[in-house]
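Breakdown of the fold
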Amino acid sequence: MELLNNNAELQAWRRQFSPEETVGLIPTMGALHKAHATLFDTARPECDQVVASVFINPLQFERTDDLKAYPRTMEQDLAMLENLKVDAVYLPTPDDMYPSGFATSVDPGDSAVQFEGAARPGHFAGVLTVVLKLFQRCRPTTAYFGQKDAQQLFLVQRMTRDLDLPLTVQACPTLREDDGLAFSSRNARLSKVARQQALVLHQALTAAVAEFQAGDRDPRKLEATMRTFFEDSPAVLAYADVIDEVTFQSAQTSSTSRGHAWRALIAARLEGVHLLDNLLLGNP
Ligand code: PAF
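Rules of the game
- Residues numbered from 1 in each chain as written.
- Predicted model: local features only at pLDDT ≥ 70, side-chain atom pairs only at ≥ 80, totals over all residues.
- Heavy atoms only, no water.
- Near = heavy atom within 4 Å.
- Polar contact = N/O pair within 3.5 Å; in protein donor to acceptor, adjacent residues only side chain to side chain.
- Areas by Shrake-Rupley, 256 points an atom, 1.4 Å probe, with all protein chains shown as cover.
- Nonpolar A, V, L, I, M, F, W, Y, C, P; charged D, E, K, R; others polar.
- Pairing = 2+ DSSP bridges.
- Helix = DSSP H or I, 4+ residues; strand = E, 2+ residues; numbered from the N terminus.
- Contact = heavy atoms within 4.5 Å.
- Axes fitted to C-alpha atoms, helices over the stretch in contact; angles between N-to-C directions.
- Core = buried A, V, L, I, M, F, W, Y, C linked by side-chain atoms within 4.5 Å.
- Buried < 20%, exposed > 50% of the residue type's maximum accessible area, 1.4 Å probe, protein only.
- Phe/Tyr/Trp six-rings, centres within 6.5 Å; stacked < 30°, edge-to-face > 60°.
- Lys NZ or Arg CZ within 6 Å of the ring centre and 35° of its normal.
- Disulfide = S-S within 2.5 Å.

Near the ligand, the surroundings consist of P27, T28, M29, N57, Q60, V130, F145 and Q152. Between the ligand and Q60, the relevant distance is 2.6 Å, taken from an oxygen atom to a side-chain nitrogen or oxygen of the residue. Contacts to the ligand include Q152, whose side-chain N or O atom sits 2.8 Å from an oxygen atom. Relative to its free-state accessible area of 290 Å², the ligand is covered by the protein chains to the extent of 87%. The residue inventory of the shell around the ligand, partitioned by class, reads four nonpolar, four polar and no charged.

Moving on to the sheet that holds strand 8 (residues 249–250). Pairing between the strands of a sheet comes from backbone hydrogen bonds, and it takes one of two forms, parallel or antiparallel. The antiparallel open sheet is built from four strands, whose spatial order is 8-7-9-10. Edge positions in the open sheet fall to strand 8 and strand 10 (273–282), since each of these has one partner strand only. As paired elements, strand 9 (residues 262–270) and strand 10 share nine bridges and run antiparallel to each other. Paired with R263 across the two strands is L280, which belongs to strand 10. Packing of helix 9 (residues 199–213) onto the sheet brings it into contact with strand 9 and strand 10, and relative to strand 10 it is tilted by some 15°. The strands touched by helix 10 (residues 219–228) within the sheet are strand 7 (236–244), strand 8, strand 9 and strand 10, with strand 7 carrying the most contacts at an inclination of about 155°.

One recurring pattern in soluble globular proteins: nonpolar side chains tend to sit buried together. Residues W13, V131, F135, F145 and M159 are the most contacted members of the largest nonpolar core, which totals 41 residues. Taken together, the elements giving at least two residues each to this core come down to helix 1 (7–14), strand 2 (23–28), strand 4 (88–90), helix 6 (123–138), strand 5 (142–146), helix 7 (150–162), strand 7 and strand 9. Element by element, the count of residues in this core is highest for helix 6, at nine residues. Those residues in contact with F135 that sit more than four places away from it in its chain are L25, P140, A143, F145, V156, M159, T160, L165, L167 and V169. Counting residues in hydrophobic clusters, the runner-up holds 28 residues, among them V209, A235, A240 and L281.

Attention shifts here to the environment of K34. You can see K34 is positioned in helix 2 (residues 34–46). Along the primary structure K34 and D232 are separated by 198 residues, whereas in three dimensions their C-alpha atoms are 31 Å apart. Each residue touching K34, except ones within four places of it in the same chain, is listed here: L175 and F183.

Following the criterion strictly, the structure yields nine aromatic pairs and no others. Between W13 and F17 the ring centres are 4.9 Å apart and the planes differ by 70°, which places this aromatic pair in the edge-to-face class. Here F115 and F248 contribute two aromatic rings whose centre-to-centre distance is 5.9 Å and whose plane-to-plane angle is 70°, an arrangement assigned as edge-to-face. One end of the pair, F115, is in the loop between helix 5 (94–97) and helix 6; the other, F248, is in the loop between strand 7 and strand 8, and 133 residues separate them in sequence. The buried category is assigned to F248, whose relative accessible area is 3%. Taken together, the ring pairs connect F115, F154, Y239 and F248 into an aromatic cluster. Positioned above the aromatic ring of F212 is the side chain of R217, whose terminal nitrogen or guanidinium carbon lies 3.8 Å from the ring centre.

A full pass over the atoms with the stated rule returns zero disulfides. This cysteine, C138, is not joined by any disulfide, and C47 carries the nearest cysteine sulfur, 13 Å off. Looking at C172, it has no disulfide partner, and the nearest cysteine sulfur is the one in C47, 10 Å off. Overall, C172 belongs to the buried group, its relative accessible area being 2%.

As structure tokens, then:
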């Protein structure tokens, strides 16, 4: 596995491959866990070369204390990537990514100000800016993103389409524990009790799925069902919304004829930890 410490090293690595060779990119901020491993397991058999990036992107943190507190586990991350048979790891420094004078950023548009974007102004502009730079530098044929961060995935897919970027963005299903809790590096920050209480997110989502499958097509009623799970829970609900997958806007009963699938989104705070999850409802 090659370690590429700056853009010059990355370019020298990338130049070895002909246009016919497929290159898979998995962008990460490190602190890798089992859910990341599934992205690499998907990419490995599909691509001639697999490159990971590990970069804690300062542009997507609106608070410096959050940036400082972000877990840094480089030694373990590199051991895991080696085991996953990754060919190369790009490890840029902030100066390599954003040299002095850097000023341009991507405007993610209207779908970035709700849900995860509501409490984090500028977050998705920071995400899309670094993702675009990683796409330009690594020139992958396919980039792999997890479905748990549904809004991030949507915005990356839309940017790729809107800006005619020559790659495929592949969505990878959310990995769950046996009891349904979505894997996340944030789960490690929960006490044993809160870890159990966190199941409320998945329970609320599966209740919305069951109601949808039973024929309910009123998105506001499905949202109300999800909210009831938080009435007696210590988890503080941030949002529970049913969205149209194509627009990432609140689903409307009047739009059922358009044939866009609906997805239920949920986020809540437990012991100060922001947890999020989502499930596909289906085509209304
Ligand atoms: O999902 C993440 O880990 C980050 O937002 C990403 C896509 C690596 C960009 O910094």
